[in-house]
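Notes for the structure review
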Amino acid sequence: MQDIEFYYDFGSPKSYFVHKLLPGIAKKHGMRVVWKPLLLGGVFKLTNNQSPMETFKDVKGKLEYDAHETARFVTRHQLPYQRNPHFPVMTIGVMRGAIYAQDKEFDALYRDTVFNAIWEDQKKMDDPKVIMNVLEAAGLPATEIISATQLGEVKSGLIDATNEAVSRGVFGAPTLFMGEEMFFGKESLWEIEDILSKRA
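Description of the structure in this document. (Residues numbered from 1 in each chain as written. Predicted model: local features only at pLDDT ≥ 70, side-chain atom pairs only at ≥ 80, totals over all residues. Heavy atoms only, no water.)

**Thoughts on the packing of aromatic side chains**
Basically, it comes down to this: Any two rings among Phe, Tyr and Trp, with Trp reduced to its six-membered ring, count as a pair given centres within 6.5 Å; such a pair is stacked if its planes are under 30 degrees apart, edge-to-face if over 60, and tilted if neither. Counting from the N terminus, the helices are the DSSP runs of H or I reaching at least four residues and the strands are the DSSP runs of E reaching at least two. Categorising residues by exposure relies on relative accessible area from a 1.4 Å probe, with only protein chains included: less than 20% of the type maximum marks a residue as buried, more than 50% marks it as exposed, and the intermediate range marks it as partly exposed.
Within this structure, the stated rule accounts for 17 aromatic pairs. Summarising the aromatic geometry, the rings of Y8 and F115 are spaced 5.7 Å apart at their centres and angled 45 degrees between planes, so their arrangement reads as tilted. In this pair, Y8 sits in strand β1 (residues 3-8) while F115 sits in helix α6 (residues 107-119), placing the two residues 107 residues apart along the sequence. Taken individually, Y8 and F115 each receive the classification buried, so the pair is uniform in this respect. Each ring, one from F171 and one from F184, has its centre 4.7 Å from the other, and the planes form 40 degrees; the classification is tilted. Here F171, found in the loop between α9 (152-167) and β3 (175-178), pairs with F184, found in strand β4 (residues 181-184); they are 13 residues apart in sequence, far enough to count as distant.

**Points about the sheet that holds strand β2 (residues 32-37)**
Put simply, the rule reads: Any two strands are treated as partners once DSSP identifies two or more bridges connecting them. Fitted lines through C-alpha atoms serve as axes, helices being fitted only where they are in contact, and the angles separating the N-to-C directions of these axes extend from 0 to 180 degrees.
Ordered by their spatial adjacency, 4 strands build an open sheet running β2-β1-β3-β4, and the pairing between neighbours is mixed. Looking at the sheet topology across the chains shown, the edges are occupied by β2 and β4. The sheet shows a mean angle of 25 degrees between the axes of neighbouring strands, taken without regard to direction. Strand direction decides the pairing type here: β3 and β4, joined by 4 bridges, are antiparallel. Bridge pairing in β4 places F177 opposite M182.

**Considerations on helix α1 (residues 13-28)**
Given 3.6 residues per helical turn, the α-helix brings residues three or four places apart onto the same face. Where we set the bar: Helix span, expected: 1.5 Å multiplied by one less than the number of residues in the helix. We define the bend at each residue as the angle formed by axes fitted to the 7 residues ending at it and the 7 residues starting at it. Any two residues whose heavy atoms approach within 4.5 Å at even a single point are treated as in contact.
Across its 16 residues, α1 extends 24 Å between first and last C-alpha, which sits within 8% of the 22 Å expected from 1.5 Å per residue. Remark: the principal bend of α1, roughly 35 degrees, maps to L21, with a proline, P23, within the next four residues. Every buried residue belonging to α1 is among P13, S15, Y16, F17, V18, H19, L21, L22, I25 and A26, and all of these are buried. In this structure, the buried side of α1 is in contact with β1, β2, α4 (62-77), α6, β3 and α10 (188-199). Looking one or two residues past α1, G30 carries a phi angle of roughly 70 degrees, positive in sign.

**Things to note about the environment of K155**
Of note, K155 is situated in helix α9. A sequence separation of 56 residues divides K155 from I99, and the C-alpha atoms of the two residues are 8.5 Å apart. If we skip the residues at most four places from it in the chain, K155 touches R96, T149 and Q150.

Structure, rendered in structure tokens:
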């Protein structure tokens, strides 16, 4: 079974969209999703990149169109997305949690819980008390996960994951790979699906 690697940061709304839609595409075509957490702020620093909010803040009409296109995308796919009033959310804590959760039985539940908390329930997931409450409500080992985010190996694990992503050419999130072919942004989902459909 071939893999689709998905580099993500919980604070990226477009990573949330890929999180919601990619598993269905992968299942349809007999692919496996490999989830690759990174710290988007670290990627931006290493690549001299900026968030779209910064990059396009002085471009007349650009951010307004982006908001309109996002609303159209959400409606088309019937997603329970809501813009987070606390955006941008500082995600270093929950991204360290994603590093810790890798290969554990609660990995998928942790990802779902954090993505949904930020982009459906509008939670402030850089507040330790909010994180604790959200993880506990989902039945996750909240104390274990939050304690682990302070471990040296978890902190360095997120740094290493971010550096590894940049070494492959990643400059933002969401970024996907099939083999060594890179795809960026939520729009690349349709390109991936088209490629896989033609292979079938």
